[in-house]
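Observations on the three-dimensional arrangement
Residue-level listing of the chains:
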Amino acid sequence: MTDQTSPAKAGPAPAQPSKTRHRLKILSYNVHSCIGTDRRLDPARVAEVIAALEPDIIGLQELDVGRSRTGGIDQAHVIASLLQMEFHFHAALNVAEERYGDAILTALPARMVKGAGLSSHGEQRGAIWVEIEVGEHKLQVFNTHLGLLGGDRMRQIAEILGPSWMGAPDCRGKPKILIGDFNATPVTATYKAVARQMADVPLLSGRRPKATFPSRLPLLRIDHVFASSEITPIATQVVSTPLSRRASDHLPLLVTVEV
């Protein structure tokens, strides 16, 4: 009798490893040059409001850097240092040695991709784009402060959504977050232009969205966090405390998402 070896049966194909989902707390906060509703200049107070919320990624608007009106300090650096985070700043407005603009802060590995001005007929506005490593994900985070004029806002948001920013090849297929003070409520064309392409995180996180401005008696929802389809909204909080109502004329908007 000869030995015969039966062919090995093919087992199931190994499963492809799935990417881990990560929960993040993201904050949008217009800090009004760290001048509170009590007219007191106090970057440490702003940092205290933020620290209590323990966000992972922060988009700040209306930061002064080297401006005589606020003592010549670098507000982005001071707040980031107090929070023990790194920061990336873009000056939308430069006057001699004085700068005014927006920043993204995080303790996660991050690199600045772009900071640039946006089309402005009124006060000059800008945006900043930072890529943040969240596990194996490359999260693209954009922060902006849009203009007061409706025409400016529409041009500015068209640029941000366009091929030089969120439509760039480096963004394709990657999760994206857009943070900012849009100076635009949900009834405006500016808001609707973004909402056609991205999810309004507060709207989808289970509670009726609350207003963020002015901080003492909030009437307008003009601070927003939008997310691409790769991101799942979990929760939203407009942070109204005695301290946050004094620290700035805007309330902080905190959202929790999964990437």
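These lines cover the structure that appears in this document, whether it is placed above or below. This is a predicted model, so every value here is computed, not measured.

The next subject is the environment of Arg67. Along the polypeptide, Arg67 turns up in the loop between strand S2 (57-65) and helix H2 (75-83). Residues Arg67 and Glu98 lie 31 residues apart in sequence; the distance between their C-alpha atoms is 4.7 Å. Setting aside residues no more than four positions away along its own chain, Arg67 makes contact with Gly72, Glu98, Arg99 and Tyr100.

Let us look at the packing of aromatic side chains. For the coordinates displayed, the defined rule picks out three aromatic pairs. Centroid distance Phe182 to Phe226: 5.7 Å. Interplanar angle 50°. Geometry classified as tilted. Here Phe226 lies in strand S10 (residues 223-227) and Phe182 lies in the loop between strand S8 (176-181) and helix H4 (189-195), a separation of 44 residues in the sequence. The buried category is assigned to Phe226, whose relative accessible area is 0%. Through successive ring pairs, a cluster of aromatic residues spans Phe182, Tyr191 and Phe226.

Turning to its location among the elements, Asp102 is positioned in strand S4 (residues 98-106). Once you skip the residues sitting within four places of it in the chain, Asp102 turns out to touch Leu60, Gln61, Glu62, Leu63, His88, Phe89, His90, Gly126, Ile128, Asn143, Thr144 and His145.

Time to look at the environment of Leu220. Relative to the helices and strands, Leu220 resides in the loop between helix H5 (201-204) and S10. Exposure remark for Leu220: the relative accessible area of 37% places this residue in the partly exposed category. Residues within four places of Leu220 in sequence aside, it is in contact with Thr185, Ala211, Thr212 and Phe213.

Since there are 3.6 residues in each turn of an α-helix, residues three or four apart along the chain are aligned in direction. Listing the buried residues of helix H1 (residues 43-51) in full gives Pro43, Arg45, Val46, Ala47, Val49 and Ile50. Structurally, H1 contributes buried residues whose contacts are with strand S1 (23-30), S2, H2 and helix H6 (242-247). One side-chain oxygen of the residue at the start of H1 lies 3.2 Å from the amide nitrogen of Ala44, identifying that residue as Asp42.

Within the secondary structure, Ser244 is located in helix H6. For the pair Ser244 and Glu48, spaced 196 residues apart in the sequence, the C-alpha separation amounts to 9.2 Å. Discounting chain neighbours no more than four positions away, the residues touching Ser244 are Tyr29, Val49, Ser215, Val239, His250, Leu251 and Pro252. From its side chain, Ser244 meets the backbone nitrogen of Thr241 in a polar contact 2.8 Å long.

The next point concerns the sheet that holds S4. The sheet built from six strands is open, its strands ordered S3-S4-S2-S1-S12-S11 with mixed pairing. Of all the strands in the sheet, the pair left with one neighbour each is strand S3 (86-95) and strand S11 (232-238). When strand polarity is set aside, the average angle formed by the axes of neighbouring strands in this sheet is 20°. Pairing analysis gives five bridges linking S1 to S2, with the strands arranged parallel. Residue pairing for S2: Asn30 is matched across the bridge by Gln61. The strands that H1 touches are S1 and S2; relative to S1, the one it contacts most, it runs at about 150°.

About the criteria used
Residues numbered from 1 in each chain as written. Predicted model: local features only at pLDDT ≥ 70, side-chain atom pairs only at ≥ 80, totals over all residues. Heavy atoms only, no water. Helix = DSSP H or I, 4+ residues; strand = E, 2+ residues; numbered from the N terminus. Contact = heavy atoms within 4.5 Å. Phe/Tyr/Trp six-rings, centres within 6.5 Å; stacked < 30°, edge-to-face > 60°. Buried < 20%, exposed > 50% of the residue type's maximum accessible area, 1.4 Å probe, protein only. Polar contact = N/O pair within 3.5 Å; in protein donor to acceptor, adjacent residues only side chain to side chain. Pairing = 2+ DSSP bridges. Axes fitted to C-alpha atoms, helices over the stretch in contact; angles between N-to-C directions.

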